[in-house]
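The primary structure of each chain is shown beneath.
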Amino acid sequence: STLDRSSAASDVYKRQIVDRGCANFTQGEGQTYMENLLSKGTVKDIDVIISENDNMIFGAMKALDRNGKSYGPEGDIIMISFDALHESFENMMAGKLHATVECNPLLASTVETVIEELEAGREVDKIYNTEENIYTYENAADYIDQRKY
């Protein structure tokens, strides 16, 4: 899914990509990565940050805050992330995040059932679809109470 996220971000956002890197899907490394990027002085203006994981963007937010950068729907930097964690909804409602793209982790029971069926020698479907959505700061309040993660 990481490759799909990277490819989609590159395809959709055709502006110049000034930096691309890995923060290992953690808040701490997201913060360090953004702090390092800002301290280089080579990036004067950041228009958009697309993070392939909510935790990394939470870290980037801390670095942006420490450096006096404004972001979110009322700020200068568009912020988009992936996962749709409950905290993302809180950040969207607080005006810090534009959107989060859901990557639903609630597949364990389906996977368990498929494994049991295969172990029992039964045929299983080759494709299982999971409902996923894109949420924005405009509709976050409508969905936050429904979040299971």
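The structure displayed is predicted, hence computed values, not measured ones.

### Notes on the packing of aromatic side chains
Next up, step 1: All told, the structure shown has two aromatic pairs when counted by the stated rule.
Next up, step 2: Between Tyr135 and Tyr143 the ring centres are 5.0 Å apart and the planes differ by 65 degrees, which places this aromatic pair in the edge-to-face class.
Next up, step 3: Given a relative accessible area of 31%, Tyr143 falls into the partly exposed group.
Next up, step 4: For Arg147, the ring lying beneath its charged end belongs to Tyr149, and the centroid distance is 4.8 Å.

### A closer look at the packing of helix H2 (residues 27-40) against helix H3 (residues 54-66)
Next up, step 1: The contact between H2 and H3 brings their axes to 6 Å, and the two run at 40 degrees. One way to sum up the angle between H2 and H3 is to call them oblique. Remark: the crossing between H2 and H3 carries right-handed chirality. Contacts from Gln27, Gly30, Gln31, Met34, Glu35 and Leu38 in H2 reach Asn55, Met56, Phe58, Gly59, Ala60, Lys62, Ala63, Leu64 and Arg66 in H3.

### Examining the sheet that holds strand S1 (residues 48-51)
Next up, step 1: Within the open sheet, the four strands sit side by side as S1-S2-S3-S4. Their pairing is mixed. Both edges of this open sheet fall to S1 and strand S4 (134-136), since each of them pairs with a single strand only. Here the average twist between neighbouring strands, direction ignored, is 15 degrees.
Next up, step 2: Relative to strand S2 (residues 78-83), S1 runs parallel, the two being bridged by four bridges. Along S2, the bridge assignment pairs Val48 with Ile78.
Next up, step 3: Each of S2, strand S3 (99-102) and S4 is contacted by helix H4 (residues 86-93), which is oriented at about 155 degrees to S3, the strand it contacts most.

### Brief notes about the pairing of S2
In regular strands, side chains alternate between the two faces of the sheet.
Next up, step 1: Once the chain exits S1 it traverses H3 before rejoining the sheet at S2, and the crossover so formed is right-handed.
Next up, step 2: By the bridge criterion, four bridges tie S2 to S3 in an arrangement that is parallel. Across the sheet, Ile80 pairs through a bridge with Ala99, a residue of S3.
Next up, step 3: Chirality of the crossover, the property in question, places the unit of S2, H4 and S3 among those that are right-handed.

### Looking at the pairing of S3
Next up, step 1: Judged from the three bridges that link them, S3 and S4 form a sheet pairing that is antiparallel. Within S4, the position partnered with Val101 by the bridge is Ile134.

### Side note on the packing of H3 against H4
Next up, step 1: Across the interface, H3 lies against H4 with an axial gap of 10 Å and an inter-helix angle of 40 degrees. Classed by the angle they form, the pair H3 and H4 counts as oblique. Seen along the crossing, H3 lies across H4 with a hand that is left-handed. Of the residues in H4, those touching H3 at Asp54, Phe58 and Met61 are Glu87, Ser88 and Asn91.
Next up, step 2: Each residue belonging to the contact of H3 with H4 can be placed in one class, and the counts come to two nonpolar, two polar and two charged.

### Here's the deal with the side chain of Ser51
Next up, step 1: Relative to the helices and strands, Ser51 is located in strand S1.
Next up, step 2: According to the relative accessible area criterion, Ser51 is buried, its value standing at 5%.
Next up, step 3: Within the structure, Ser51 has its side chain in polar contact with the backbone nitrogen of Ile57 (distance 3.4 Å).
Next up, step 4: Excluding residues that lie within four positions of it along the chain, Ser51 makes contacts with Met56, Ile57, Ile80, Ser81 and Phe82.

Rules and cut-offs
Residues numbered from 1 in each chain as written. Predicted model: local features only at pLDDT ≥ 70, side-chain atom pairs only at ≥ 80, totals over all residues. Heavy atoms only, no water. Phe/Tyr/Trp six-rings, centres within 6.5 Å; stacked < 30°, edge-to-face > 60°. Buried < 20%, exposed > 50% of the residue type's maximum accessible area, 1.4 Å probe, protein only. Lys NZ or Arg CZ within 6 Å of the ring centre and 35° of its normal. Axes fitted to C-alpha atoms, helices over the stretch in contact; angles between N-to-C directions. Helix = DSSP H or I, 4+ residues; strand = E, 2+ residues; numbered from the N terminus. Parallel < 35°, antiparallel > 145°, perpendicular 65-115°, else oblique. Left-handed = near helix turned anticlockwise from the far one by under 90°. Contact = heavy atoms within 4.5 Å. Pairing = 2+ DSSP bridges. Right-handed = clockwise from strand over helix to strand, strands pointing away. Nonpolar A, V, L, I, M, F, W, Y, C, P; charged D, E, K, R; others polar. Polar contact = N/O pair within 3.5 Å; in protein donor to acceptor, adjacent residues only side chain to side chain.

These figures capture arrangement, not role.
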